[in-house]
Amino acid sequence: MRKILIGFISLCLGMSVFGDSFKLEGIIASIDNEKKTIIIDSVYGDSVVVQVLPNTEIELDNCGVFGISKYGTFKNLSLGAFVEVKLYFQNAANGERTNPIAYEIEVECFKKRAY
C-alpha cells in the first residue's frame, strides 16, 4: 500500500512540473529568424506564435537515411512543414501570460497529406 501511495505522489508531482503545458499540431506558416519565433497554423483552427529557445529540442522525424530520426536546429524548420510542438506558458511578473514557449518540436518530414 505504501509503494502505491509513493508512486501516486511521484506521478502527481511529475505532472505538476508541466502543469501549464500542452501539445500543438499544425503547419509552419511563418518563421522569424531574428526573434526566433514561428507561427503555426494549428489543426485546431488558430494561428499561434511560438517562441523557440536555444535549449528547445528539435527532432526531425523520419528525415535521415532509411527513415532514421535525427536532431536539428532552428535552421531545419521550414515553411509548410508539419510539426508537433510541446509548449508551456511562462507567467509574467504581473500575472499575464506571454507567448507560448516550445520545449520540444517534432518535425514530420514525410507526413502524408490530403492535398
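The coordinates are above.
Residues numbered from 1 in each chain as written. Predicted model: local features only at pLDDT ≥ 70, side-chain atom pairs only at ≥ 80, totals over all residues. Heavy atoms only, no water.

1. Notes on unusual backbone geometry
Although it is not a glycine, K36 adopts a positive phi angle of roughly 55°. For K36, the position within the fold is in the loop between β1 (21–32) and β2 (37–42). Since its relative accessible area comes to 33%, K36 is described here as partly exposed. (Helix = DSSP H or I, 4+ residues; strand = E, 2+ residues; numbered from the N terminus. Buried < 20%, exposed > 50% of the residue type's maximum accessible area, 1.4 Å probe, protein only.)

2. Some thoughts on the nonpolar core
Soluble, globular proteins show a tendency: their nonpolar side chains are buried together. I38, V50, L77, V85, I105 and V107 are the most contacted members of the largest nonpolar core, which totals 19 residues. Among the elements of the structure, β1, β2, β3 (47–61), β5 (82–88) and β6 (101–108) are those that each provide at least two residues to this core. Discounting residues that sit within four places of it in the chain, L77 has contacts with I28, I31, I38, I58, I105 and V107. (Core = buried A, V, L, I, M, F, W, Y, C linked by side-chain atoms within 4.5 Å. Contact = heavy atoms within 4.5 Å.)

3. Examining the pairing of β6
With seven of its eight residues buried, β6 lies for the most part within the structure. In this structure, β3 lies alongside β6, joined through seven bridges in parallel fashion. Bridged to I58 within β6 is I105. Bridge analysis of β5 against β6 gives seven bridges, and the strand direction is antiparallel. (Pairing = 2+ DSSP bridges.)

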